[in-house]
Amino acid sequence: MFVCTVLPTYNEEANIELLVESLLNNQQGSNMVLIVDDNSCDATAEKVRNLSIKYNRYDKIQVALVQRRNDRGLTTAIQYGIDVATKRYGANIVTWMDCDLSMPPEDVPQLLTPLVEGAADIVVGSRWISGGADLAHGFMARTLSKIINGWAQLLLGNDISDYTSGFVAANTKVLKTLRLQGDYGEYCIDFICRSKRNGYKIVEIPYVCVPRTKGESKTGLNLYDYLIRGRKYISTVWKLFIYKQSV
Ligand SMILES: Nc1nc2c(ncn2[C@@H]2O[C@H](COP(=O)(O)OP(=O)(O)OP(=O)(O)O)[C@@H](O)[C@H]2O)c(=O)[nH]1
Ligand SMILES: [Mg+2]
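Because the structure is predicted, anything quoted here is derived from the model rather than measured. (Residues numbered from 1 in each chain as written. Chains lettered and ligands numbered in written order. Predicted model: local features only at pLDDT ≥ 70, side-chain atom pairs only at ≥ 80, totals over all residues. Heavy atoms only, no water.)

We now examine helix H4 (residues 108-116). Those residues of H4 that fall on the buried side of the exposure criterion are Val108, Pro109, Leu111, Leu112, Pro114 and Leu115. Considering only its buried residues, H4 is in contact with strand S1 (3-9), helix H1 (16-25), strand S4 (93-96), strand S5 (122-126), strand S7 (168-171) and strand S8 (202-206). Just past H4, the residue Gly118 takes up positive phi, approximately 80°. (Buried < 20%, exposed > 50% of the residue type's maximum accessible area, 1.4 Å probe, protein only. Helix = DSSP H or I, 4+ residues; strand = E, 2+ residues; numbered from the N terminus. Contact = heavy atoms within 4.5 Å.)

Here's what the structure looks like:
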């Protein structure tokens, strides 16, 4: 199994080195890390180039960078990374996660186990099952996340606890059939729901989401930003419920 972890980045110079090194140093973790950077105005790309010099050999690429000069957006960045990982590098499994170290890189091997054993097609890191938690967000953001997940469970099925996780691993069978759609984190609700409708087996494993300690959040920190984003999540659930979209 060749496992590639895709990291979407925008101005993550303070986090990128530690995250990439932790991912590569995990036993039974990623074979390769692919960074999809959307023209960051800080030193993210430069740091990735230095990491590739350190880790890559002529016959073994462990760190790769793709830069998008004109496009921006979390969902399209992850999808672009999935395409490069599967088509250019032949990955059998792709994982993706935020680059702010809120999703622990040491949990990636647990995420991979059900896929490697053939017990799942998709594994979702979950904050809302036993053993998981969200220590990264305050009361307001946690409550909003619980409302959105409750709404998704009500309309799309309560077999999944964390529809908005964003910490995901999937095999190429799934990724060849389904493309990520959406703008920001709501893509995850859409992806999980369509995966279930296509009969793919999803397993959740617990993870503890920890606060970003370096760099700035791209989501925003005030109630207005949360409500604007939250509206998209709510409407995504509603559309999936009404239109019963599968592929
Ligand atoms: N390539 C790319 N990455 C992005 C873009 N926007 C955000 N990201 C990355 O997406 C990940 C999630 O962004 P965060 O700022 O942590 O936002 P969040 O996790 O939704 O919100 P917080 O709860 O505040 O952490 C990080 O790795 C960002 O660098 C974008 O437009 N393009
Ligand atoms: Mg984050």
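Looking now at the pattern of salt bridges. Close approach of charged atoms allows side chains with opposite charge to pair. Inspection of every chain in the model, using the stated rule, returns 14 salt bridges. A salt bridge links Asp83 to Arg179; the nearest nitrogen and oxygen atoms lie 2.7 Å apart. Of this pair, Asp83 sits in helix H3 (residues 74-88) while Arg179 sits in the loop between helix H6 (172-177) and helix H7 (186-197), and the two are 96 residues apart along the sequence. Among the residues examined, Asp83 registers a relative accessible area of 17% and is labelled buried. Residue classification places Arg179 among the partly exposed residues on the basis of a relative accessible area of 43%. With a shortest N-O distance of 2.3 Å, Lys232 and Asp183 are connected by a salt bridge. Taken together, the positions of Lys232 in helix H8 (residues 223-243) and Asp183 in the loop between H6 and H7 put the pair 49 residues apart, joining distant regions of the chain. By relative accessible area, Lys232 is classed as partly exposed at 37%. (Salt bridge = Lys/Arg side-chain N within 4 Å of Asp/Glu carboxyl O.)

Turning next to the packing of helix H5 (residues 139-156) against H8. Interaxial distance between H5 and H8 falls to 9 Å at its minimum, and their mutual angle equals 5°. Taken together, the axis directions place H5 and H8 in an arrangement best described as roughly parallel. Every residue of H8 that contacts H5 at Met140, Ala141, Leu144, Ile148, Trp151, Ala152, Leu155 and Leu156 is listed here: Leu223, Tyr226, Gly230, Tyr233, Ile234, Val237, Trp238, Leu240 and Phe241. (Axes fitted to C-alpha atoms, helices over the stretch in contact; angles between N-to-C directions. Parallel < 35°, antiparallel > 145°, perpendicular 65-115°, else oblique.)

With that settled, consider the site of ligand 1. Lining the immediate surroundings of ligand 1 are 19 residues, of which Glu12, His137, Ser217, Lys218 and Thr219 lie closest. For ligand 1, an oxygen atom lies 3.0 Å from a polar atom in the backbone of Gly73. In this structure, an oxygen atom belonging to ligand 1 sits 2.4 Å away from a side-chain N or O atom of Ser217. Here ligand 1 has 630 Å² of accessible area as a free molecule, and 91% of this is covered by the chains. Elements that contribute at least two residues to the shell around ligand 1 include exactly S1 and H3. Residue composition of the shell around ligand 1, grouped by class: seven nonpolar, five polar and seven charged. (Near = heavy atom within 4 Å. Polar contact = N/O pair within 3.5 Å; in protein donor to acceptor, adjacent residues only side chain to side chain. Areas by Shrake-Rupley, 256 points an atom, 1.4 Å probe, with all protein chains shown as cover. Nonpolar A, V, L, I, M, F, W, Y, C, P; charged D, E, K, R; others polar.)

Fair warning: the whole summary comes from geometry, so function is off the table for now.
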